[in-house]
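What follows is each chain in one-letter form.
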Amino acid sequence: NISYTGNVNAYLKISDIFEMHDIEMIVSISELVVNDYHWGNVEFQGGTRSLDEPVNAVINVQGYQEKIGEHAFNLRGRYYLPVEQVHESLRNTFTFDAELESIPLVILEYIIQEGISNTEGKVSGLLFVSGDFAEPNIRGELNVSDAATSLEFLGTRYFLPEGKAWVSANMIDFTGMIIQD
């Protein structure tokens, strides 16, 4: 279960509501908290000329954590809406570039959900994300620092002082990193 809190402000502009042309949207979330973890401020800006064209979007997250300092996440790309005006093969698909700067590794606990706990550390790097929400294709290179997590089924805490990881569609490759228990 994931719980969210924060203050949301939204702006929506549609130049022609009947033809659905020139759509712009700005959404700001101040003090986003996910599962009691303070992520900071989020801003989404997106727009499209018409429903059959992709939404060009920018998402920025900036915050501060006492343990790791400032962190930022910037996502730029396009998204095809799941509407009948879009060709069926493109509906609900996206292509984004993600720039991560000192992102807290606790985010892994949202993705993996079971088997790890007490995750600490940060990650920076570039990711390229494409596909759809059911099967996203993620690839890129990440720099990991001051990482630690507990593998519950082994009852052991592991530490990863620093290193480089490569992300592909079905794995995160830590080859060459020194992991300590």
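Residues numbered from 1 in each chain as written. Predicted model: local features only at pLDDT ≥ 70, side-chain atom pairs only at ≥ 80, totals over all residues. Heavy atoms only, no water.

All right, on to the environment of Met20 then. If you trace the backbone, Met20 turns up in the loop between strand S1 (4-16) and strand S2 (21-34). Sequence-wise, Met20 and Leu51 are 31 residues apart; in three dimensions their C-alpha atoms are separated by 6.7 Å. Those residues in contact with Met20 that lie beyond four places of it in its chain are Ile14, Arg49, Ser50 and Leu51. (Helix = DSSP H or I, 4+ residues; strand = E, 2+ residues; numbered from the N terminus. Contact = heavy atoms within 4.5 Å.)

So, on to the environment of Ile23. Here Ile23 shows up in strand S2. Each C-alpha atom of the pair Ile23 and Leu51 lies 8.5 Å from the other, and the pair is 28 residues apart in sequence. Look past the residues within four positions of Ile23 in its chain and what remains in contact with it is Leu12, Lys13, Ile14, Gly46, Gly47, Thr48 and Leu51.

Right, let's get into the pairing of strand S8 (residues 136-151). As paired elements, strand S7 (residues 116-132) and S8 share 13 bridges and run antiparallel to each other. Across the sheet, residue Phe128 finds its bridge partner in S8, namely Arg139. Linking S7 back to S8 in an antiparallel pair, the connection comprises 3 residues. As paired elements, S8 and strand S9 (residues 156-168) share 11 bridges and run antiparallel to each other. Bridging across to S9, Gly140 finds its partner in Val167. Two successive antiparallel strands, S8 and S9, enclose a turn made up of 4 residues, where Gly155 displays a positive phi of approximately 65 degrees. (Pairing = 2+ DSSP bridges.)

It is worth stressing that arrangement in space is one thing and function is another; only the former is reported here.
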